Amino acid sequence: MAASLDDAPQNPLRLTLLASVVLLFVLALLSRLWFLQILAGARFDELSQSQAVRLVTTEAPRGQILAAGGEPLVSNRAAPTVVVDRQVLLDGNGEPRSEGAERVLEDLAQLLGITVEDIFDRLSSVRYSPYSPVPVLEDVPSEVRFYIQEHREFFPGIDVIDLPVRTYPQENLAAHLLGYTNEISPEQLDDPDFVGYRQGEKVGRGGLEQSYEFDLQGIEGTNRLAVSARGTVLEVLSTIPPTPGDDLVTNIDLELQAAVEENLENGILASRSIVRRDGRNLESVAGSAVVLDPRNGAVLAMASWPTFDPSAFADGLTPEEFAAIFDTAVADEVPAINRAIQGAYPPGSVYKTVSGAAALEAGLITPGSTVPCPSSWQLGSITFNNWNQRSEGSMDLATALKRSCDTFFYELAYQQYVREESALDAGQQDVTELFAETAHGFGFGRELGIDLPAEQDGVIPSRDWKEDYWERTRANNCSLADQAAQTAAENPTPSAQYALQLYTELCQDGYRFRGGDAVNASIGQGDVLTTPLQVAASYAAVANGGTLFQPRVGDRIVAPDGTLVREIEPVALGQLPVSEAGLVEIQQGLKDVVMGDGGTARSAFSTFPLDEIPVAGKTGTAELGSQIPYAWFAAYAPADDPRYVVVVSVERGGGGSQTAAPIAARILQAAFGLDVDPFAAGDEILD
Amino acid sequence: MDFPALRNDPTARQARAQVQSRWQTATAPAKHVDPILIAASVMLALCGLLAIYSAKYAPLTSQGLPTDLYVTRQGMAMVIGLVAMTVAAAWDYRSLRTWSSLLYVGSVLLLVLVLFVGDVNKGAQSWISLGGFQFQPSELAKIGYIIGVAAWLHDREVDGFGAVLGVLGLLLPPLALIVLQPDPGTGTILLFVAFVIMLVVGVRARYLLVLALLGVIGLVGVVQLELLEDHQVQRLTSFANPEGEACAQGACYNTDQSLIAIGSGQFAGKGLFQGTQTNLSYVPENHTDFIFTVIGEEFGFVGAVTILGLFAVVLWRCLHIAAVARDRFGMVIAAGVAGLLAFQLFVNVGMTVGIMPVIGIPLPFVSYGGTSLIATFAMIGLVLNVHMRRFRSK
């Protein structure tokens, strides 16, 4: 120990070693500096006069959206766009770097016919990376391009480049399915799904653009450039070319889609000339149509009316355009809504397939067994009428569907309701609400998961739903009851008395699922709400023998060179909760609706070659308050080997046989390549 | 010869007293400050002030702020630093051995404290605010560690593996706490200092080789096992592959701009305030970690070599002092400080000239940052202390 104190504390060899390392460090830096400043100094000096290495990103072309036959529904075109390099013209505070720069921007504004303020609005946007040029005007005429490129000395930092812009070769066709693109939102930037996305990048919004964003989106390219102060590229330091996005091939049949849209519009407009018995014209304000392939759930066509021009989105909507498409205050019927998946309506009689299946499953009827169809049906003091207020004798399920007898279904629904109530009263747990359960099995009351955003789930009333609904609306109903009590006390008119009674009941025991609720739901009225897509999916399942498929617009993803990336496989959501014999009975009823004597849709198909192409279907005329009823028709054909399911729904379009069935018949004519009848004034209402 | 006579001979007595006094005077610590080391250190700090002034001149002007804002603060830090250097040199460093554990533990406790009350700056929690002043405990931890290890090693047998364990064991607490902040730059510095100290005290070569090997494996492992985020790896590796993809995505923007700044300075530089890269703020952090770009651009090769030369002088003096130190405690302090300064110089300047990865290590004396400047001067003070008391007698 003491030795180390007496001996020299140093290890000369090791200190020499350390000194050598230090010397090495200094020499390494020295030689590197010699290289940088002496040998390569001139080149760096040039670069420093250029004042920057700049990263320029090149937008990757977004994948196309194609119809089933390969025809483009959405494509890209190159839009000549004036871009301004902020680094060249602006200082750190976003002000023009010099008087010269200010003059350049003024000249540019004049050339483009816009104001300097317009340019600054774009330049101050945080959408763009600081090192990439900012687009200030898209789609400039070629004269402007040539002028700027010929007179670069007047326009330092300004260029005209081609930027990809969405284009719609089929114009308005399938507008509701496509969606549009715009800048990624701050929320999406934080979303882990969007990792790697950059501020200002365009992403799909709405429709297929949104659903297939990650397929359609390409990877932008990057150029690392050495650029001179005048904006000319001195040297490309490195380049990564953009990777274009993949294309989406849809199931949409271009011709059929066009026929669907045309006939939907024409049918809706033609129906407006129909005068009701009360003297009012049918309003037919809006509608939708869906065509599915029942064998796999493929959406062959989908239309919603009124519609809009999707290309308006590509260049950015003006406030007026936006209001006309989205704003309820401006456009009554908001064209932006895709009614086929976002419209939830009472289905009326098209829902009777569900009630029939439920009655079969409950054992209340068997295929062929009969139930009376009186002209009206009594529940306590309330009278429920048959739709035509006629008594039609006893009938089996198939006939009840053909004739669309309401009282038949009232009776069965009520019997099941009573059964369930007594089971509940007896304290039995897990009582199955068979009608609601069956509806879920048919795809109602839930999102089907179509590959389009914002699908509605609709409503299938049940005891739980009713109680839940009561909880949610109770406060409002109770305050309405208080108001009504006050009004009735001051002025006891019959309507005030009625309001008092109604709201008091809703406030106090609106949670009860009553017999009337069950009875109304059995014919697709009351609280039942469904989307046209749900109806179509349920009829597709009836048509194909019982498999409920998830409807889907996309068929496959292909690379830009056409090679397959992946198939979008059909998804079976389940089997219909009905026996095979029961399904056959229902199918028979649907055939009779179109082809049987006294079928409610028979007249709409009077010119249709039913011998060659048998059709099955169901009409629906759904009441919603005091409005003109909602018209429905759901069909499939050929009835013995179904290839098409067609569902048409028209808001305030009157009777299903009157407005919806004629449209569906013409869609089927188009689908089978037949001559399509022109629209004539409609028939009388047959449910 | 009549020695007693001689002893009583006034002339002889006087002569002897004269020799003794001359010897005492000659060995008096105050006479043995190292003016070269002091001069080189002060000149480096003055160069730093000038570079900071230039780096901040244009941005402060455009913000309408006084242009001497940063320089004044750094100048104050320099004055405090000179006081710290004087204090560190004044009392015999050997008495520090008694206090070494207190210094070491104190610096570690500050590192613990910063994790709880520290301010977050650029993603790392490494600052403590104290009545309007901010300081970085990790800078003090460097001194604390060097003194702690030097004291621990002072009278230890260094032949066995125990010395290695001691050096690394003392390293672990400050290193772990600094990595937690996270401040990988300072962590790397401590690792290198520990290695240098083991080298100079004479730990067996085979241990050193194994440790160096483990270090390399560890580094590769960190990268391979993806313990770092992608962008961290890109930043660390992009310097080696300037044409690569990471660069194209902007990972070497700093390096690109830094190379242009330094390279374009050429032989004589563009002159004070004339650096376009500097004035247009193309190089981020050019008053702190990238301060060397200002010197390279505005003073050219001449300026860069001057800075390197001043550092070479400082390092030469520190190594010389390590070689003449009277005891191992002093030797380890001087060599440790030399290793630390050399490493920071190499990594910092290496980063700006594109031969080292971009990690946050300041250039000693020169980079803006009060704590770093004061701590560096304090370390120089300690080394001076070792030099002043190098004589074995008395």
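Residues numbered from 1 in each chain as written. Chains lettered and ligands numbered in written order. Predicted model: local features only at pLDDT ≥ 70, side-chain atom pairs only at ≥ 80, totals over all residues.

Bringing the overall build of chain B into the picture now. Secondary structure summary: chain B contains 16 helices and three strands in total. Residues classed as buried in chain B amount to 51% of the 394 residues present. Long-range contacts, defined as pairs at least 24 residues apart, comprise 70% of the intrachain contacts of chain B with a sequence gap of at least 6. (Helix = DSSP H or I, 4+ residues; strand = E, 2+ residues; numbered from the N terminus. Buried ≥ 20, exposed ≤ 12 C-beta atoms within 10 Å, placed from the backbone. Contact = placed C-beta atoms within 7 Å.)

Another aspect to go through is the pairing of strand β22 (residues 630-637) of chain A. Looking along a regular strand, one sees the side chains alternate between the two faces of the sheet. All names here are of chain A. In terms of burial, β22 is a largely internal element, eight of the eight residues being buried. Two elements, strand β21 (residues 616-622) and β22, share seven bridges in a ladder whose sense is antiparallel. Residue pairing in the sheet places G617 in a bridge with A635 of β22. Taken together, the seven bridges between β22 and strand β23 (residues 644-651) define a ladder with antiparallel strand orientation. Counterpart to F633 in the pairing with β23 is V648. Where β22 folds back onto β23 in an antiparallel hairpin, the turn is made up of six residues. (Pairing = 2+ DSSP bridges.)

As a further point, take the packing of helix α14 (residues 291-324) of chain B against helix α15 (residues 328-352) of chain B. All names here are of chain B. Running from N to C, α14 and α15 point in directions that differ by 165°, and their axes come no closer than 9 Å. Of the possible angle classes, the one that applies to α14 and α15 is roughly antiparallel. Where α14 crosses over α15, the handedness of that crossing is left-handed. Contact with α14, carried on its side by F292, T293, F311, V314, L315, C318, L319, I321 and A322, involves M331, A334, A335, V337, A338, L341, A342, L345, N348, V349 and T352 of α15 and no other residues of that element. (Axes fitted to C-alpha atoms, helices over the stretch in contact; angles between N-to-C directions. Parallel < 35°, antiparallel > 145°, perpendicular 65-115°, else oblique. Left-handed = near helix turned anticlockwise from the far one by under 90°.)

The next point concerns the sheet that holds strand β11 (residues 286-293) of chain A. All names here are of chain A. Read from one edge of the open sheet, five strands run β12-β11-β23-β22-β21, paired in antiparallel fashion. Unpaired on one side and paired on the other, β12 (298-305) and β21 mark the two borders of the sheet. Recorded for the sheet is a direction-independent mean angle of 5° between the axes of neighbouring strands. Of the pairings in the sheet, the one linking β11 to β12 comprises seven bridges and is antiparallel in character. By the bridge assignment for β12, V290 is matched with M302. Strands β21 and β22 of the sheet are contacted by helix α24 (residues 580-595), whose axis makes an angle of about 75° with β21.

Moving on, we get to the environment of B:S54. All names here are of chain B. Residue position: S54 is located in helix α3 (residues 35-62). Sequence separation between S54 and N286 is 232 residues, and the spatial gap between their C-alpha atoms is 9.8 Å. With residues up to four places along the chain from it excluded, the contact list for S54 reads L272, F273, T278, V294 and E298.

Okay, the pairing of strand β18 (residues 554-558) of chain A next. Residues and elements named next belong to chain A. With four of its five residues buried, β18 lies for the most part within the structure. For strand β10 (residues 247-250) and β18, the ladder comprises four bridges, and the chain directions are antiparallel. The residue bridging L248 from the neighbouring strand is I557, located in β18. The loop that links β18 with its antiparallel partner strand β19 (residues 564-567) comprises five residues; one of these, G562, has a positive phi angle of about 95°.

All names here are of chain B. Confidence in the prediction of chain B, expressed as mean pLDDT, is 84, and 84% of residues score 70 or more. Per-element confidence in chain B is highest for α15, whose mean pLDDT is 95, and lowest for helix α11 (residues 245-248), whose mean pLDDT is 47. The ipTM for the predicted assembly is 0.90, set against a pTM of 0.61. (pLDDT = per-residue confidence, 0-100.)

On to the packing of helix α20 (residues 463-490) of chain A against helix α21 (residues 494-509) of chain A. All names here are of chain A. One way to put it is that α20 packs onto α21 with a least axis distance of 8 Å and a crossing angle of 150°. When the interaxial angle is binned, α20 and α21 end up roughly antiparallel. Crossing geometry of α20 relative to α21 is assigned as left-handed. Contacts from R474, N477, C478, L480, A481, A484, A485, T487 and A488 in α20 reach A496, Q497, A499, L500, Y503, T504, L506 and C507 in α21. When the residues that make up the contact of α20 with α21 are grouped by side-chain class, the tally is twelve nonpolar, four polar and one charged. (Nonpolar A, V, L, I, M, F, W, Y, C, P; charged D, E, K, R; others polar.)

All names here are of chain B. Take V87: it is sitting in helix α4 (residues 69-90). For V87, a count of 12 C-beta atoms within 10 Å puts it in the exposed group. Note: C-alpha distance between V87 and N385 (298 residues apart in sequence) is 9.6 Å.

Before going further, it helps to examine the environment of A:I586. Residue and element names in this part refer to chain A. Relative to the helices and strands, I586 resides in helix α24. Its 25 C-beta neighbours within 10 Å are what place I586 among the buried residues. Taking C-alpha positions, I586 is 6.6 Å from T353, a pair spaced 233 residues apart along the chain. With sequence-adjacent residues up to four places away left out, I586 is seen in contact with T353, G356, A357, L397, L401 and V542.

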